[in-house]
Every structure is written in C-alpha cells, then in structure tokens.
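Topology and contacts: notes
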Amino acid sequence: MTSSHDREKERAMDLAEDSRETEWTYPSFIEELFRGNFRWDLLHPFPEQSPEDKRAGDEYISKIRRVLEAYIDPCEVDRSGEIPEEAILALAEAGAFGLKIPREYGGLGMSQTNYNRIMEFVASYCTSTAVCLSAHQSIGVPQPLKLFGSEEQKKKYLPRLARGAISAFALTEPQVGSDPAKMRTKAELSEDGAYYILNGEKLWCTNGPCAEILVVMALTAPKIVKGKERPQVTAFIVESSEPGFEVVHRCSFMGIRGIANGLLRFNNVKVPAENIIGQPGQGLKIALTTLNTGRLTMPATAVAVGKMCMHFGQKWVNERVQWGAPIGKHQPVARMISEMAADTFAMDSVNILACEMVDQGGVDVRLEAAVAKYYCSETAWRIVDDFLQVRGGRGYETAESLGTRGEEPIPTERMLRDARIARIIEGTSEIMRLFIAREALDAHVRRIMPLMTGKGPRGQLLWDAVKFYARWYPKLWLPSAISLNLRHLSPRNQDHVLYVARTSRKLARTLFHTMAKYRQKLEREQLILQAFVDIGTDLFAMAASLSRAEYELKTHPGDENLQELVDLFCTNARRRIQDNFRKAKQHRGQAISRVADAFMEGKYRWMIDDVYTDFPPASRPARMTRPVELKRPESPEPPAEEHESPVANP
Ligand SMILES: Cc1cc2nc3c(=O)[nH]c(=O)nc-3n(C[C@H](O)[C@H](O)[C@H](O)COP(=O)(O)OP(=O)(O)OC[C@H]3O[C@@H](n4cnc5c(N)ncnc54)[C@H](O)[C@@H]3O)c2cc1C
C-alpha cells in the first residue's frame with residue numbers, strides 16, 4: 001500500500017522531474033564519465049580565455065579594487081554586520097550590480113569566466129560583499145529574467161537592476177528548505193485576472209531586507225495532468241515597495257556577517273499578472289535552472305579561500321619556528337600546506353573549466369556546475385580548517401585582536417566562518433550529491449525503470465534495452481589506451497589520464513552492477529550513491545587538473561614543481577577513489593539506520609545527563625532592518641541591542 005509519505009514524495013519527484021532542463025547541444029563531460037565514456041577531448045586542450053576577454057576582466061578587477069579599498073573595511077563589515085551604504089553606492093556606480101547583465105540592457109555583459117574572476121577577487125577582500133553581489137545577479141532577478149523573461153520585462157527591469165536596484169531570490173521557506181517543491185507561499189489570481197495576491201513567508205533571503213525587486217517562487221492554481229493534480233510553482237517579479245511586503249526579521253549568522261538576510265512576509269501583496277517570469281507553472285524549473293549556473297559563484301569564493309590560505313600560509317610556515325625548525329618543515333604541517341597548494345590548483349582548474357563551458361554556450365553544464373560547487377565548497381572548508389590549525393592559537397584569534405597586540409592581522413577565523421556557508425547554500429552538499437547521482441544514473445533509469453515498474457510497452461522497451469546494453473557493456477572492458485592518443489602529454493600525466501579513463505569504466509561497471517543488485521531500492525542507498533558521486537567528482541577534478549597542468553607546462557616546460565603538485569593531487573585522489581570503491585561495496589546503511597533510529601527515539605539520552613540544557617527562548621529583540629536604510633528611508637531605526645548574560649542567547 002502506498003503511504004501518504006510515499007505519495008508526497010512521488011508528487012515532489014514529479015514536480016522536480018518536470019523542472020529539469022533538457023535542451024543542450026553538447027554533452028556533459030561528467031555525464032559521459034559516469035557512463036564509462038572518458039571524453040578527454042571535452043576538457044583538453046585546456047580552454048584559454050581570449051586576450052580581449054582577459055583584458056576586460058583585468059581592467060575591471062583594477063577598478064573594483066579601488067572601490068573596495070576606498071569604501072570597505074572587511075573587519076568592520078564583519079564586526080558591524082553592515083556593508084556601508086556608500087560602498088554599495090560606489091559599487092553600483094562601478095557597475096558591479098550589472099556584471100552579468102548584457103550591455104544592451106545597461107550592464108557590463110561580462111563572460112562567466114570574468115564574472116567568476118571578479119567574484120574571486122571580491123571574495124578574497126570581503127566575502128560578505130561578494131555574496132551580496134552574487135545573490136543579486138547570480139540568482140537574483142537578473143539571472144531568471146535573462147533566461148526566461150520577456151523582452152518587455154528585460155527592458156523594464158534589467159537597466160534598473162544594472163544601475164544598482166538590489167535584487168534577491170526568494171525560494172526557501174521556514175518549512176521548506178532542500179525540498180522546495182513543497183512550498184506554501186501562494187499566489188491567487190484576482191477575479192479580473194489583472195494581478196495575483198501573494199501570501200506567505202520566505203526565509204533566509206539574502207539581500208531580502210534591502211532589495212528593491214525580488215524573484216519570488218509561489219504556488220499558483222494546480223493543474224490536472226494525467227488525472228493527477230499537479231501543484232504549479234510560478235516565478236514572480238515582486239517590488240518590495242508594494243504594500244504588504246514586510247521584513248519580519250533580519251537574520252544574523254556565524255559568518256558572512258555583512259549580508260542583509262531576512263525572514264520576509266507577503267501579506268496580500270498585489271503582483272501584476274505581467275510580472276510572471278516565463279509561464280505559470282514554470283517557477284520551479286526557473287528556480288532550478290537559475291541555480292544551475294548561479295551556484296558557480298561558490299567555486300569562485302572557494303578558490304579565493306584556497307589562494308588566501310596559500311598567501312598567508314607561505315609566510316607564516318617559514319617565519320614560525322618551533323622545535324628548532326620552521327613549522328613547514330615538520331611533516332604534519334608539510335602535509336597540510338602541500339595539500340593546500342595541490343587542492344587549490346584542482347579547485348582553480350575545475351572552476352575555470354566550468355566557467356569556460358558556460359561561456360562556450362550550449363554545453364550541458366548542470367553536472368559540472370553542481371560538482372564544481374560541491375567539490376570546491378567541501379575542499380575550501382578542509383583547506384581553511386587546516387590553515388587555522390597551522391596558525392595554531394593565532395588561527396583562533398581575531399584579526400582585530402592580533403593587530404591590537406602588534407601582530408599581523410590575518411583574518412583566519414573570519415575566513416573559516418565565512419567559508420562554512422558554501423556547504424549549505426545553493427544546494428547543500430548532501431542535496432548536490434543526490435542531484436549528481438540522479439543525473440549520473442539518468443541514462444539507465446530511463447531505460448530500465450519503465451521495465452521494472454511495468455510502465456510502457458514492455459516488449460519494445462526490453463528490446464531497446466537489450467540492444468543498448470549489448471553494445472555499451474562490453475566496451476567498458478576495453479583497454480583505455482586504444483581510443484586515446486596521449487603521446488604529447490608528459491609521461492607522468494599520461495599515466496594519470498589513463499587512470500582516469502580506466503577508472504571511469506570501472507565506475508560505470510560498478511554503478512551498473514550496483515543498480516542491478518539494488519534496483520529501485522538504490523535511490524534509498526544514499527551512502528552508496530555518495531561514494532559513487534565522490535569517485536566521479538575526484539575523477540573530474542583529476543582530469544581538470546591534468547588538462548590545466550598540460551596547458552601550464554606548455555609555457556613552463558619541464559616545471560618539476562608543477563608536475564609534483566599534480567602528482568600529489570592525483571595520488572591523493574586515487575587513494576580517496578579506492579576508499580570510495582570500498583565504501584560502495586560495503587552495505588553499512590542498515591547498521592547506521594538502526595543507530596540513527598535509536599538516536600531519534602531518544603534511546604541515548606542517558607549519555608547527555610550531565611550537560612546544561614535548560615536554555616530559555618531567545619530574549620534579544622530582533623534586528624529589523626539595516627541601520628543605514630538604503631532603499632526605504634521611512635523604515636524604523638533598529639532597536640538597541642540589549643546585552644543579556646551570554647547563556648541567555650545560545
Ligand atoms: C546565509 C544564508 C543565505 C541564504 N540565502 C538564501 C537565498 O538568498 N534565497 C533562498 O531562497 N534561500 C537562501 N538560503 C537558504 C538555503 O538555501 C537553505 O538553507 C538550504 O537550501 C538548505 O535548506 P535548510 O536549511 O532548510 O535545510 P534542510 O532542508 O532542513 O536540511 C537539513 C539537513 O538535512 C539534509 N537533508 C535534507 N534533505 C535530505 C535528503 N533528501 N537527503 C540527504 N540529506 C538531506 C540537508 O543536506 C541538511 O544537512 C540561505 C541560507 C543561509 C543560511
């Protein structure tokens with residue numbers, strides 16, 4: 001019997017399925033990799049930014065550098081929780097809110113590569129500022145408008161957005177996070193069909209408290225598809241000046257403290273019917289498509305973290321002498337700093353490749369963008385955690401405190417706090433892995449699932465599947481070298497590339513065998529799927545690094561330091577891959593679930609008897625808006641913060 005939980009899940013899956021992008025001209029490298037088809041030609045030669053595009057990026061970075069230095073003190077942004085109004089205005093003046101908006105609509109029309117270079121630079125200076133700019137144009141109104149908006153909408157909004165009318169992306173709700181298909185915010189069409197009435201709440205909306213224009217996803221009237229009621233999510237352009245729009249609470253966070261982020265409420269907000277982006281019911285597709293490339297800012301900020309750690313780290317590990325030697329000479333520290341360099345090289349390569357794929361156009365980059373986001377945010381976290389460790393006590397001390405007592409004010413703890421969010425926003429790492437697994441299995445699911453579920457003409461389906469697998473499966477056992485011409489690569493890189501090619505076939509085979517074993521139940525075996533995703537991710541990072549290394553070796557032939565860096569990355573990746581093949585074989589799900597179920601039922605509460613748990617509810621008044629109110633001068637001043645005992649607000 002189907003439970004209501006299963007029906008809910010099926011409904012959400014149907015909706016998510018409808019929301020996938022399908023139109024592409026070129027294949028995805030990663031999708032092919034998971035099928036055992038190592039398409040080295042899609043990554044090699046490593047793409048080179050054109051001189052004109054590079055010049056445009058370089059010039060803009062010099063320009064924004066002057067703005068940042070003149071108007072923003074990153075320590076002060078972190079301390080006060082505000083990006084100064086004059087900084088926002090200066091950034092707007094410099095065109096920073098229109099980087100990705102096409103020139104014909106008043107923006108700077110930057111390529112994705114330049115956009116990411118600029119975001120990397122801004123994030124290295126002040127992550128809060130990078131997140132503000134990115135929430136505005138990577139996922140805020142400009143991006144869905146560019147992809148799905150009508151010409152009238154583009155003409156009406158894009159020039160305003162490019163000039164600095166801040167925008168926000170409102171998808172998450174208090175009850176709906178990773179699973180947006182089940183949102184509750186509703187938009188009801190007025191009787192005369194002229195406008196919609198919007199009601200509901202959106203949580204953690206970055207830029208929400210200071211935005212002039214928001215893209216809001218809301219449920220509209222359901223549709224009946226094949227006899228089943230399908231919820232319809234629709235994307236709306238909403239002006240925050242409309243009566244009924246309310247910033248209920250300005251949220252405060254562990255890191256990126258300068259962002260304006262809040263809980264928003266829509267109380268009967270009137271939205272003109274012409275403010276729908278795309279078609280009614282296309283909202284989730286619009287949101288997910290926006291995020292497909294929108295989440296590429298995360299790799300840029302992650303690369304910034306890696307490079308900053310390398311910059312500060314190099315000086316520190318030489319200067320700091322303990323036990324008679326610079327700490328970089330002690331093996332555990334040497335391991336951390338060498339991996340810092342090798343992993344930053346890999347992140348950088350993945351980031352550049354993913355951006356170049358977007359710029360090329362027509363490439364299916366969903367998987368590359370998701371893997372880049374997942375891989376870089378996880379890797380940056382590991383790097384910055386290691387950097388904090390290498391800095392010892394100074395890593396834990398604030399830059400301000402270090403500076404006050406006369407030491408170099410390296411903001412290690414702020415970098416760590418700022419970096420952590422990347423593993424959560426724009427798709428948590430767990431959801432990214434689910435997404436990647438689903439896309440990786442898609443070719444098989446489409447062929448095999450209808451057979452298992454009895455949907456469709458069985459005879460024809462069976463015949464098609466037999467034909468496909470009879471050709472595909474034997475190829476997975478062929479030696480890799482046959483189809484690859486790698487003679488022009490350095491001998492060590494040839495070996496690494498062959499490993500990637502070989503392992504991609506092993507991955508496809510093992511994935512296929514695992515599917516045959518678990519069938520429909522595989523979807524629930526998330527730990528096994530995670531292991532496969534991590535193998536694919538490491539193979540992609542290896543291939544990207546090797547392609548980049550070959551590119552760099554062309555200009556620095558015989559650079560042994562570079563070769564050793566790549567060797568180190570590849571050796572570590574191979575070890576992780578081996579480990580993940582082992583994990584994919586072990587079936588630990590049931591043992592884990594038994595302990596997790598007991599945990600959920602409170603069977604281990606006896607362990608927590610000795611700690612204090614009686615925290616009262618939060619007692620500080622909420623911060624309602626920015627003290628410097630940029631767009632709505634009539635907003636009230638924020639209430640003064642009361643300083644309660646530290647335990648009162650855990
Ligand atoms: C600083 C900040 C800025 C943000 N900015 C925006 C914004 O501008 N616009 C916007 O719309 N949202 C924004 N968000 C929301 C953000 O996108 C969500 O926090 C994120 O999608 C996760 O949702 P959640 O926090 O509700 O976690 P939940 O969905 O409740 O998940 C909690 C945990 O369970 C895991 N989990 C959930 N489902 C599964 C599953 N099926 N399988 C495995 N694991 C699972 C998650 O990975 C996570 O670890 C922001 C959040 C923060 C903190």
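Right, let's get into the site of the ligand. Around the ligand lies a shell of 18 residues, among which Phe 169, Thr 172, Ser 178, Thr 428 and Glu 430 are the nearest. For the ligand, an oxygen atom lies 2.9 Å from a polar atom in the backbone of Leu 171. Taken by itself the ligand offers 970 Å² of open surface, and the protein chains cover 68% of this. At the level of secondary structure, the elements contributing two or more residues to the shell around the ligand comprise β3 (195-206) and α17 (429-453). A per-class count over the shell around the ligand returns 10 nonpolar, seven polar and one charged.

Right, let's get into the pattern of salt bridges. Summed over the entire model, instances satisfying the criterion amount to 38 salt bridges. Salt-bridge contacts for Arg 160 lead to Glu 212; the nearest nitrogen and oxygen are separated by 3.2 Å. Separated by 52 residues along the polypeptide, Arg 160 in helix α9 (residues 151-163) and Glu 212 in the loop between β3 and β4 (213-225) bring together distant segments of the chain. The exposure class of Arg 160 is partly exposed, given its relative accessible area of 23%.

Packing of helix α3 (residues 51-71) against helix α5 (residues 85-93) brings their axes to within 10 Å, and their N-to-C directions diverge by 170 degrees. By the criterion of interaxial angle, the relationship of α3 to α5 is roughly antiparallel. The two elements α3 and α5 cross, and the hand of that crossing is right-handed. For the pair α3 and α5, contact is made by Ile 64, Val 67, Leu 68 and Tyr 71 and by Glu 86, Ala 87, Ala 90 and Leu 91, respectively. Split by residue class, the contact of α3 with α5 holds seven nonpolar, no polar and one charged.

In this section: the environment of Glu 31. Here Glu 31 shows up in helix α2 (residues 29-34). What makes Glu 31 buried here is its relative accessible area of 11%. A sequence separation of 405 residues divides Glu 31 from Ile 436, and the C-alpha atoms of the two residues are 9.0 Å apart. In contact with Glu 31, not counting residues within four places along its chain, are Asp 364, Arg 366, Leu 367 and Glu 439. Among the polar contacts listed, one links the side chain of Glu 31 to the side chain of Arg 35, at a separation of 2.5 Å.

Here we come to helix α10 (residues 283-294). Compared with an ideal rise of 1.5 Å per residue, which puts 12 residues at 16 Å, α10 spans 16 Å between its outermost C-alpha atoms and is within 8% of the ideal. Burial analysis of α10 places 11 of its 12 residues in the buried class, the great majority of the element. When we look at burial in α10, the residues that qualify are Gly 283, Leu 284, Lys 285, Ile 286, Ala 287, Thr 289, Thr 290, Leu 291, Asn 292, Thr 293 and Gly 294.

The next thing to look at is the environment of Ala 549. Mapped onto the secondary structure, Ala 549 falls in helix α20 (residues 526-555). Judged by its relative accessible area of 1%, Ala 549 is buried. For the pair Ala 549 and Phe 46, spaced 503 residues apart in the sequence, the C-alpha separation amounts to 8.7 Å. Sequence-distant contacts of Ala 549, defined by excluding residues within four places in its chain, comprise Phe 345, Asn 493, Leu 562 and Val 566.

Two strands pair when backbone bridges link them, and β3 and strand β7 (residues 261-272) are joined in this way by nine bridges, in the antiparallel orientation. Residue pairing for β7: Thr 206 is matched across the bridge by Asn 261.

If a probe the size of a water molecule is rolled over the atoms, the empty space left behind becomes visible. Enumeration according to the criterion identifies four cavities of 30 Å³ or more in this entry. Quantified by volume, the largest cavity comes out at close to 40 Å³. Secondary-structure elements contributing two or more residues to the lining of the largest cavity are α4 (74-80), α7 (127-139) and α16 (412-420). Classifying every residue of the lining of the largest cavity gives four nonpolar, two polar and four charged.

Attention now moves to the confidence of the model for the protein chain. If pLDDT is low for a region, its predicted coordinates should not be looked at in detail. Of the residues in the protein chain, 89% reach a pLDDT of 70 or more, and the chain-wide mean stands at 90. Low pLDDT (under 50) marks residues 625-650, which in the prediction has 46 contacts with non-local residues, meaning those over four places away or in another chain.

Turning our eyes to something else, we now look at a nonpolar patch on the surface. A contiguous nonpolar surface patch, about 450 Å² in accessible area, is contributed by Trp 606, Met 607, Ile 608 and Val 611. Within the fold, Ile 608 resides in the segment after α22 (589-600).

Glancing now at the packing of helix α12 (residues 331-360) against helix α13 (residues 366-391). Viewed as axis vectors pointing N to C, α12 and α13 meet at an angle of 155 degrees, and their least axial separation amounts to 9 Å. With respect to α13, the element α12 is oriented roughly antiparallel. When the axes of α12 and α13 are compared, the crossing they make is left-handed. Contacts between α12 and α13 involve Val 333, Arg 335, Met 336, Met 340, Asp 343, Thr 344, Ala 346, Met 347, Val 350, Ala 354 and Met 357 from the first element and Glu 368, Ala 372, Tyr 375, Cys 376, Thr 379, Ala 380, Arg 382, Ile 383, Asp 386, Phe 387, Gln 389 and Val 390 from the second.

On to the nonpolar core. In this structure, Phe 38, Trp 40, Ile 436 and Phe 569 are the most contacted members of the largest nonpolar core, which totals 93 residues. By residue number, the principal contributor to this core is α20, which donates 15 residues. Counting residues domain by domain, this core receives three or more from each of domain 1 (4-44 + 431-594) and domain 4 (295-427). Sequence-distant contacts of Phe 38, that is, excluding residues within four places in its chain, are made with Phe 29, Leu 33, Leu 484, Val 497, Val 500, Ala 501, Ser 504 and Ala 543.

With that settled, the discussion passes to unusual backbone geometry. Phi is mostly negative for residues that are not glycine, and the peptide bonds are mostly trans. At the junction of His 44 and Pro 45, the peptide bond is cis and its omega measures out at 0 degrees in the coordinates. For Pro 45, the position within the fold is in the loop between α2 and α3. Phi at Trp 204 takes a positive value of approximately 55 degrees, unusual for a residue other than glycine. Its place among the elements puts Trp 204 in strand β3.

The next point concerns the environment of Glu 76. With respect to the helices and strands, Glu 76 occurs in helix α4. Between the C-alpha atoms of Glu 76 and Gly 258, which are 182 residues apart in sequence, the distance is 9.0 Å.

With 18 residues, helix α18 (residues 458-475) extends 26 Å from end C-alpha to end C-alpha; this agrees with the ideal 26 Å at 1.5 Å per step. Taking the largest bend as the criterion, α18 deviates by roughly 30 degrees, centred on Tyr 469. Within the sequence span of α18, burial applies to Leu 461, Ala 465, Phe 468, Tyr 469 and Trp 472.

Attention now moves to the packing of aromatic side chains. Scanning all chains against the criterion turns up 15 aromatic pairs. With a centroid separation of 6.5 Å and an interplanar angle of 50 degrees, the aromatic rings of Trp 472 and Tyr 473 are classed as tilted. The ring of Trp 316 carries the charged tip of Arg 391 above its face, separated from the ring centre by 4.6 Å. In this structure, Arg 509 is placed above the aromatic ring of Trp 477, and the distance from its NZ or CZ to the ring centre is 4.0 Å.

This paragraph deals with the pairing of β3. Both strand β2 (residues 186-189) and β3 contribute to a ladder of four bridges, which runs antiparallel. Bridging from a neighbouring strand, Ala 187 pairs with Leu 198 of β3. Here β2 folds back onto β3, and the loop between the two strands holds five residues, one of which, Gly 193, carries a positive phi near 70 degrees.

The rules behind the values
Residues numbered from 1 in each chain as written. Predicted model: local features only at pLDDT ≥ 70, side-chain atom pairs only at ≥ 80, totals over all residues. Heavy atoms only, no water. Near = heavy atom within 4 Å. Polar contact = N/O pair within 3.5 Å; in protein donor to acceptor, adjacent residues only side chain to side chain. Areas by Shrake-Rupley, 256 points an atom, 1.4 Å probe, with all protein chains shown as cover. Helix = DSSP H or I, 4+ residues; strand = E, 2+ residues; numbered from the N terminus. Nonpolar A, V, L, I, M, F, W, Y, C, P; charged D, E, K, R; others polar. Salt bridge = Lys/Arg side-chain N within 4 Å of Asp/Glu carboxyl O. Buried < 20%, exposed > 50% of the residue type's maximum accessible area, 1.4 Å probe, protein only. Axes fitted to C-alpha atoms, helices over the stretch in contact; angles between N-to-C directions. Parallel < 35°, antiparallel > 145°, perpendicular 65-115°, else oblique. Left-handed = near helix turned anticlockwise from the far one by under 90°. Contact = heavy atoms within 4.5 Å. Expected span 1.5 Å × (residues − 1). Pairing = 2+ DSSP bridges. 1 Å grid on protein atoms, 1.4 Å probe; cavity = no way out; pocket = protein on both sides within 12 Å on 5 of 7 lines; lining within 4 Å. Points joined across faces, edges and corners; volume = space filled by probe spheres on them. pLDDT = per-residue confidence, 0-100. Patch = residues over 30% accessible without salt bridge, like charges linked within 9 Å, V, L, I, M, F, W, Y side chains within 5 Å. Core = buried A, V, L, I, M, F, W, Y, C linked by side-chain atoms within 4.5 Å. Domains from an automatic or database assignment. Bend = angle between axes of the 7 residues up to and from the residue. Phe/Tyr/Trp six-rings, centres within 6.5 Å; stacked < 30°, edge-to-face > 60°. Lys NZ or Arg CZ within 6 Å of the ring centre and 35° of its normal.

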